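# Results of the structural survey
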Amino acid sequence: MQQTDLSKYNNHPYRPGANAFKRLLWYYVNIVFINSAWLPVSGFRILLLKVFGARIGKGVRLKPRVNIKYPWHLQIGDNCWIGEGVWIDNLTTVTLGNNVCLSQGAVLQTGSHNYKKSTFDLIIGPITLEDGAWIGQNTVVNKGVVVGSHAILTSGSVTTKNLDAYAIYQGNPAIKVRARQIQ
């Protein structure tokens, strides 16, 4: 029976979208200003994200201690809220529509590994959160997922599949529990 052999792992086909200097510079900017609690206001952090290539709309609120892998793969619409401790592990594109809420500790994870190969190859897929989506506290949204307009992923849930618009999902794996009614 075959076994995993991490000594043969080769990440060579993956291209992060920026040169080594820009990635290194971002690493330190992210640590000091974005993934830090000492700067309580959003504006300066949003400016830094834009300088590094993020496309960010108006009225975005970015709480302290957010971790963003590569801002040049990030697009955020208007009036979005990103809570403390959110981890956007965007090896490829992450798109947030307008009025999206990412609650504390949410994880958007665009990468994984192919467990069927002995070399444990990297596999990636974009994530899209459509307008009005709410990703609850301590949740995980995995690679390749589209969260439909105004869908909710409740606290502590994990999704590996697309979520329908105006639906509420719960659990691990997340299942649809009811429709979302907005008054």
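Our structure's up above, just so we're on the same page.
Anyway, here's the lowdown on the structure attached to this text.

Reading the values: the criteria
Here the residue numbers are simple positions, counted from 1 along each chain's written sequence. Local features are withheld for residues below a pLDDT of 70 in this predicted model, meaning they are given only at 70 or higher, and side-chain atom pairs are given and counted only at 80 or more; totals for whole chains, interfaces and linings count all residues. Hydrogens and water molecules were not included; the side-chain quantities draw on all heavy atoms of the structure. Paired strands, as defined in this entry, are two strands with at least two bridges between them according to DSSP. Numbering of helices and strands runs from the N terminus; a helix is a DSSP stretch of H or I covering at least four residues, while a strand is a stretch of E covering at least two. Definition used in this section: a nonpolar core is a set of buried Ala, Val, Leu, Ile, Met, Phe, Trp, Tyr and Cys residues joined via side-chain atoms within 4.5 Å. Categorising residues by exposure relies on relative accessible area from a 1.4 Å probe, with only protein chains included: less than 20% of the type maximum marks a residue as buried, more than 50% marks it as exposed, and the intermediate range marks it as partly exposed. Two residues qualify as a contact provided that any one of their heavy atoms is within 4.5 Å of a heavy atom in the partner residue. Helix span, as expected, comes to 1.5 Å for every residue beyond the first. For the purposes of these results, a polar contact is taken to be a pair of N or O atoms within 3.5 Å, where, inside protein, one atom must be able to donate a hydrogen and its partner to accept one; residues adjacent in sequence count only when each atom of the pair is a side-chain atom. Put simply, the grid is 1 Å and covers the protein atoms alone, a cavity is a trapped set of points that fit a 1.4 Å probe, a pocket is an open set with protein on both sides within 12 Å along at least five of seven lines, and lining residues have an atom within 4 Å of a point. Grid points are joined across faces, edges and corners, and a volume is the space filled by probe spheres set on the points. Under the scheme applied, nonpolar residues are Ala, Val, Leu, Ile, Met, Phe, Trp, Tyr, Cys and Pro; charged residues are Asp, Glu, Lys and Arg; polar residues are all the others, including Gly.

## Overview of the sheet that holds strand β2 (residues 61–62)
One open sheet holds the seven strands; their spatial order is β2-β5-β8-β13-β16-β18-β19, and the pairing between them is mixed. Of all the strands in the sheet, the pair left with one neighbour each is β2 and β19 (174–179). Judged from the two bridges that link them, strand β5 (residues 81–82) and strand β8 (residues 101–102) form a sheet pairing that is parallel. Among the inter-strand pairings, W81 is bridged to a residue of β8, identified as C101.

## Some thoughts on the nonpolar core
The nonpolar side chains of soluble globular proteins are, as a tendency, buried together. Residues L96, L102, L108, L129 and V147 are the most contacted members of the largest nonpolar core, which totals 43 residues. Counting residues per element, the ones that place at least two in this core are α1 (20–34), α2 (42–51), β4 (74–76), β7 (94–96), β12 (127–129) and β18 (167–171). The contact partners of L129, leaving out residues within four places of it in the chain, are T95, L96, G97, V100, L102, L108, I135 and V147.

## Topic: α1
For α1, spanning 15 residues, the distance from its first C-alpha to its last is 20 Å, which sits close to the expected 21 Å at 1.5 Å a residue. The elements touched by buried residues of α1 are α2 and β3 (67–68). The distance from a side-chain oxygen at the start of α1 to the backbone nitrogen of F21 is 3.1 Å, and the residue carrying that oxygen is N19.

## Some words on the side chain of S157
Examined against the element boundaries, S157 turns out to sit in the loop between β16 (152–153) and β17 (158–159). A relative accessible area of 1% places S157 in the buried class. Within polar-contact distance, the side chain of S157 engages the backbone nitrogen of G171 at 2.8 Å. When sequence neighbours within four positions are dropped, the list of residues in contact with S157 reads N138, T139, V140, Y169, Q170, G171 and A174.

## Re the layout of surface pockets
If you add up the space inside the largest pocket, you get close to 180 Å³. Taken together, R23, W26, Y27, N30, I31, N35, N67, I68, K69, Y70 and W87 make up the full set of residues lining the largest pocket. Taken together, the elements giving at least two residues each to the lining of the largest pocket come down to α1 and β3. No other element matches α1, which puts five residues into the lining of the largest pocket. Partitioned by chemical class, the residues of the lining of the largest pocket number six nonpolar, three polar and two charged.

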